[in-house]
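The chain contents come next:
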Amino acid sequence: MSKGINPTLHTAALAALESGLNRALQLAPATAAELEQLQDCIFALHCTAPEIDVYLQPAASGIRLMGIHEGPVTTSVRGEASDFAELATAKDPAATLINGSLELQGDSAPLIELQKTLASLDMDWEAPLVDTLGDVAGHQVAQIVRAAVGWGSQASSSLTRQLGEFIHEEARLTPPRLELEDFYRDVQDLGLRVERLQSRTARLRRRLQKLQG
Amino acid sequence: MTEKDTTHFGYKEVKAEAKAGLVADVFHSVAARYDLMNDLMSGGIHRIWKRFTIELSGVRKGNAVLDIAGGTGDLAARFAEIVGDEGRVVLADINDSMLQVGRDKLLDKGMQSNLEFVQADAQFLPFPDNSFDCITIAFGLRNVTDKSLALRSMLRVLKPGGRLLVLEFSKPDNDLLSKAYDTYSFKVLPFMGKLVTNDSDSYQYLAESIRMHPDQDTLKDMMEDAGFERCEYHNMTGGIVALHKGVKA
């Protein structure tokens with residue numbers, strides 16, 4: 001268990017997190033079925049900052065989170081909270097595990113499988129609405145929510161793009177990415193040419209010394 | 001009457017052979033609304049205490065588990081899910097009313113394939129030696145007449161390497177919390193008991209029995225005296241509850 005953390009608080013936090021995760025999984029039956037394949041695996045997540053240990057066991061009925069586990073584990077991962085967040089959101093978890101600062105012990109394949117399964121969580125928000133409000137009203141509300149979410153994400157990406165264009169092109173507060181990359185490439189080229197020039201002058205100096213000697 | 005002939009029933013001194021009957025009356029009275037009262041009294045925190053017990057038990061697929069004083073089956077239900085069909089969970093309680101409520105609740109949930117229900121006295125467990133991988137007793141030990149005898153009986157039926165977990169009310173580790181807890185136990189609990197189960201005496205007994213129960217270190221010593229090894233305890237909610245763990249060598 002995590003040192004220095006009150007067992008009641010630690011257990012309560014894990015119970016709340018587990019309950020939230022499992023509610024989300026109930027709305028994504030396909031993900032729950034994929035988790036069943038990993039039901040004999042135990043994943044140990046040792047977070048060093050903040051210092052918390054969490055053991056995760058997938059099952060068809062959902063995910064079990066534990067603060068203590070005394071048996072063997074399939075995969076053990078150690079790192080800071082930011083490293084775990086990077087892994088959780090990575091498009092290529094294998095590359096993140098290899099290149100990131102997480103320390104891994106055991107079999108990485110089930111962990112990658114788990115990350116992919118959870119990252120592709122596709123929740124059916126309509127099901128609980130239909131259960132509560134009935135078929136017609138539930139579907140209508142779901143359509144409105146879906147349209148609102150779609151409009152929101154479109155508006156957000158459009159706003160981000162326009163804000164970027166304003167900062168780079170109109171206000172000229174920072175150079176655009178392509179311009180900056182071009183500049184970096186030029187600096188790199190210049191560095192290489194300076195190195196080459198240095199070695200050429202060194203060679204000429206050696207030759208001059210030979211002729212004088 | 002010698003000291004051995006008498007025991008505590010709350011703050012009262014009663015004949016040892018009378019305690020089981022008196023405790024039985026308490027639980028006959030509260031059995032029907034036991035879960036509701038637990039939630040009300042603890043504000044639902046008893047679920048967190050039990051969850052921590054399950055984590056510390058280390059129970060896994062295929063294990064045999066005995067839940068003594070299992071009452072309405074909160075722990076047994078979770079253990080039954082964990083051990084799976086290859087495992088075995090025995091829900092034992094000395095009180096037939098509590099056992100009846102627990103059995104009905106679990107059967108109504110469709111849990112039966114790996115569950116057994118046994119009316120048994122913790123002091124004289126009716127199981128062969130070395131039968132269980134884990135034994136739990138949650139909020140039950142303080143009601144047992146001879147706790148040392150019960151601990152020895154549990155040691156006998158545990159397999160070598162098996163774990164005993166005792167979840168029980170204990171002594172708060174902070175004076176301020178202790179005073180607030182006393183006021184709550186002796187003023188609020190009996191009133192709540194009167195409202196919900198129409199029985200304030202049972203909840204007065206609950207408060208008194210908690211105060212008469214051995215504190216954390218005494219219970220740890222008792223477990224060691226009974227023959228358990230690697231004994232340890234974890235205080236929860238400021239020591240209001242403690243979880244003791246011991247292993248059979």
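Residues numbered from 1 in each chain as written. Chains lettered and ligands numbered in written order. Predicted model: local features only at pLDDT ≥ 70, side-chain atom pairs only at ≥ 80, totals over all residues.

Trainee: Could you give an account of the overall build of chain B, with specific residues and numbers?
Mentor: Within chain B, the secondary structure is distributed over nine helices and nine strands. In terms of overall size, chain B behaves like a compact globule, its C-alpha atoms giving a radius of gyration of 17 Å where 249 residues would be expected to give roughly 18 Å. Taking all contacts inside chain B whose residues are at least 6 apart in sequence as the whole, residues at least 24 apart take part in 68%. (Helix = DSSP H or I, 4+ residues; strand = E, 2+ residues; numbered from the N terminus. Rg over C-alpha atoms; globule rule 2.2 N^0.38 Å. Contact = placed C-beta atoms within 7 Å.)

Trainee: Help me get a handle on the overall build of chain A, residues and values and all.
Mentor: A tally of helices and strands in chain A yields eight helices and five strands. The secondary structure elements of chain A, listed N-terminal to C-terminal, are α-α-β-β-β-β-α-α-β-α-α-α-α. Relative to the globule expectation of 17 Å for 213 residues, the C-alpha radius of gyration of chain A, 27 Å, shows a markedly less compact shape. Considered along the principal axes of its C-alpha atoms, chain A spans approximately 95 × 50 × 35 Å. Classification of the 213 residues of chain A by burial places 16% in the buried group. In chain A, the share of contacts with a sequence separation of at least 24, taken over all contacts with a separation of at least 6, comes to 60%. (Buried ≥ 20, exposed ≤ 12 C-beta atoms within 10 Å, placed from the backbone.)

Trainee: Please give an account of the sheet that holds strand β9 (residues 241-247) of chain B that cites residues and values.
Mentor: All names here are of chain B. With respect to topology, seven strands assemble into an open sheet ordered β5-β4-β3-β6-β7-β9-β8, the strand pairing being mixed. In this open sheet, the two edge strands, each paired with only one partner strand, are β5 (115-119) and β8 (229-236). Across the sheet, the axes of successive neighbouring strands diverge by a mean angle of 15°, strand direction being ignored. In this structure, strand β7 (residues 158-169) lies alongside β9, joined through seven bridges in antiparallel fashion. (Pairing = 2+ DSSP bridges. Axes fitted to C-alpha atoms, helices over the stretch in contact; angles between N-to-C directions.)

Trainee: Could you give me a rundown of the sheet that holds strand β4 (residues 75-79) of chain A, with the residues and numbers involved?
Mentor: Residues and elements named next belong to chain A. If you trace the five strands from one edge of the open sheet to the other, you get β3-β2-β1-β4-β5, paired in mixed fashion. Taken across any chain shown, the strands that pair with only one partner, and hence form the sheet edges, are β3 (62-66) and β5 (103-106). Averaged over all pairs of adjacent strands, the angle between strand axes in this sheet comes to 20°, irrespective of strand direction. Judged from the six bridges that link them, strand β1 (residues 43-48) and strand β2 (residues 51-59) form a sheet pairing that is antiparallel. Across the sheet, F43 pairs through a bridge with L56, a residue of β2. Against the sheet, helix α5 (residues 108-119) touches β1, β2, β4 and β5, its axis set at about 70° to β4.

Trainee: Summarise the packing of helix α2 (residues 34-42) of chain B against helix α7 (residues 175-197) of chain B; cite the residues concerned and give the values.
Mentor: Residues and elements named next belong to chain B. Between α2 and α7, whose axes approach to 11 Å, the crossing angle comes to 145°. In the crossing of α2 with α7, the sense of the turn from one axis to the other is right-handed. Across the interface between the two elements, L36, M37, L40 and M41 of α2 pack against L189, M192, G193, V196 and T197 of α7. A breakdown of the residues in the contact of α2 with α7 according to their chemical character gives seven nonpolar, two polar and no charged. (Left-handed = near helix turned anticlockwise from the far one by under 90°. Nonpolar A, V, L, I, M, F, W, Y, C, P; charged D, E, K, R; others polar.)

Trainee: Which residues make up the packing of helix α3 (residues 45-57) of chain B against helix α4 (residues 74-83) of chain B, and what values go with them?
Mentor: All names here are of chain B. Contact pair α3 / α4: the axes reach a minimum separation of 10 Å and the direction vectors enclose 40°. Between α3 and α4, the interaxial angle falls into the category oblique. As for how α3 packs across α4, the hand of that crossing is right-handed. In this structure, α3 contributes K50, T53 and I54 to the contact, and α4 contributes D74, L75 and R78. Its residues assigned to classes, the contact of α3 with α4 comprises two nonpolar, one polar and three charged. (Parallel < 35°, antiparallel > 145°, perpendicular 65-115°, else oblique.)

Trainee: Describe the interface of chain A and chain B, and please don't skip the residues or the numbers.
Mentor: In this complex, chain A contributes ten residues to the contact, which on the side of chain B involves ten residues. Here the side of chain A that touches chain B gets five residues from one element, more than from any other, and that element is helix α1 (residues 7-26) of chain A. Considering only residue class, the side of chain A that touches chain B consists of five nonpolar, four polar and one charged.

Trainee: Break down α1(A) for me, citing the residues and quoting the values.
Mentor: Compared with the 28 Å implied by 1.5 Å per residue over 20 residues, the 28 Å span of α1(A) between its first and last C-alpha is a close match. The set of residues buried in α1(A) consists of A:P7, A:T8, A:H10, A:T11, A:L14 and A:L25. The arc that holds the buried residues of α1(A), viewed along the axis, is 155°, so those residues lie on one side. With respect to the buried face of α1(A), the exposed residues turned more than 90 degrees away are A:L9, A:A16, A:S19, A:G20 and A:R23. Buried positions along α1(A) lie against α2 (29-36), β2 and β3 of chain A together with α3 and β8 of chain B. (Expected span 1.5 Å × (residues − 1). Arc of directions from axis to C-beta.)

Trainee: Can you break down the nonpolar core residue by residue, with the values?
Mentor: All names here are of chain B. Residues V65, V89 and I135 are the most contacted members of the largest nonpolar core, which totals 68 residues. Among the elements that take part in this core, β7 stands out by supplying six residues, more than any other. Once residues within four sequence positions are removed from consideration, V65 is found in contact with V59, F79, V83, V89, F132, D133 and C134. (Core = buried A, V, L, I, M, F, W, Y, C linked by C-beta atoms within 7 Å.)

Trainee: Can you lay out the pairing of β3(A) for me, pointing to particular residues and giving the numbers?
Mentor: All names here are of chain A. With respect to burial, β3 is a largely interior element, four of its five residues being buried. Taken together, the five bridges between β2 and β3 define a ladder with antiparallel strand orientation. Bridging across to β3, A59 finds its partner in G62. Turn length for the β2-β3 hairpin, with the two strands adjacent in sequence and antiparallel, is two residues.

Trainee: Residues and numbers for helix α6 (residues 147-157) of chain B, please.
Mentor: Every α-helix winds through 3.6 residues per turn, so residues three or four apart in the chain are directed the same way. Residue and element names in this part refer to chain B. The complete set of buried residues in α6 reads K147, A150, L151, S153, M154 and V157. Here the buried residues of α6 occupy an arc of 160° about the axis, which is enough to place them on one side. If you follow the buried residues of α6, they end up packed against β3 (64-68), β6 (132-138), β7 and α9 (216-226).

Trainee: Talk me through the confidence of the model for chain B; I want residue IDs and the actual numbers.
Mentor: Mean pLDDT for chain B: 87, with 97% of residues reaching 70 or above. Interface predicted TM-score (ipTM) for the complex: 0.75; the corresponding pTM is 0.75. (pLDDT = per-residue confidence, 0-100.)

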